[in-house]
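# A closer look at the structure
Read off the chains here:
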Amino acid sequence: MPKNYISNSSESTRMFKNGFLESLSKVHFSVPLIIYVPVVLYFSWRALFQADMGILLFFGCYAGGLFLWSFTEYILHRFVFHFVPKSKWGLRLHFIFHGVHHDFPKDRLRLVMPPSVSIPLAFGFYFLFAALIDPPYLYAVFPGFVTGYLFYDMIHYAIHHVNINSGIWLKIKKHHMLHHYQDADKGYGVSSSFWDKIFRSDFIKK
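It should be emphasised that the depicted structure is a prediction, and the values quoted were computed from it without experimental measurement. Counting restarts for each chain, with residues numbered from 1 along the sequence as it is written. Where local features are concerned, this predicted model is filtered to residues with pLDDT of at least 70; where side-chain atom pairs are given and counted, the filter is 80 or more; whole-chain, interface and lining totals use all residues. The side-chain numbers reported here are obtained from all heavy atoms of the structure, hydrogens and water having been left aside.

## Things to note about the environment of Arg92
Here Arg92 is to be found in helix H4 (residues 88–103). Note on exposure labels: buried denotes an accessible area under 20% of the residue type's maximum, exposed denotes more than 50%, and partly exposed covers the range between, all computed with a 1.4 Å probe on protein chains only. By relative accessible area, Arg92 is classed as partly exposed at 35%. Residues Arg92 and Phe142 lie 50 residues apart in sequence; the distance between their C-alpha atoms is 32 Å. Aside from chain neighbours lying at most four places away, what touches Arg92 is Met15 and Phe16. In DSSP terms, a helix is any run of H or I states spanning at least four residues, a strand is any run of E spanning at least two, and both are numbered starting from the N terminus. We call two residues contacting when some pair of their heavy atoms lies within 4.5 Å.

This is the structure:
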C-alpha cells in the first residue's frame, strides 16, 4: 500500500457528503462488545445446555474457533483490506474500508469495525460454518470465532489509544506500529504475529 500521508489527529475526517452514510462509518469502541458479547453467551448456552455438550469438548471447539479467527483476521487484512484496485471507484472503496485508517490511524471512531460491516460479515461466516460444521459443534466454534473478533477489535483500539509500555502487549503494539509507519506490506496480524511468521510477512526485528 503506497503511503504519502499520515495524520496523527484523533479527529475523524469526513468521508461522505451524506450524513447517514457518514454516521455508518463511525463507531464507539464499546459497540462491538454490546452487540457480540450476547452472541457469544447465546451460542455458548446452546452448546452447553441445549445440546448438552461436555465442558472439555466445548472448550476444545471454542479454542478452534479462536484459532480460526486468527487465520481469518490475517487473510482479511492481507488480501482484502490491502487489495488496491486500479479503477477509480475501486480505489474509493478501498479508502473507505481500510485506506482511511492508514491515513488517519488515530481516528477514535474508525478503529473498530462498524456494525454496518461486521453484522453482514458475521451472518456470512455463520452460514458458511453452518454448511460445514454440524451442531452442536457449530454452537461452540462460532462463539470462539466471535470472541477472537472482539479481541481483535479491542486490542486494535488499545494499540492506538492506550499507553502500553511493557510485556506481550507492547510487542503486539510495536508489530502493528511497524505496519503503519514502516512497511504496510508486512505485519498483517493485529492481535498476533503468528501468521506473519508462518507466511513470511513478518518484520526483521532488532
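## Thoughts on the pattern of salt bridges
The rule for a salt bridge is simple: a side-chain nitrogen of Lys or Arg has to be within 4 Å of a carboxyl oxygen of Asp or Glu. If you walk through the whole model with that rule in mind, you get two salt bridges. Between Arg110 and Asp107 there is a salt bridge whose closest N-O contact spans 3.2 Å. Asp107 shares its class with Arg110; the two are buried. Between Asp202 and Lys197 there is a salt bridge, with the nearest N and O atoms lying 3.4 Å from each other. We classify Asp202 as buried; its relative accessible area is 17%.

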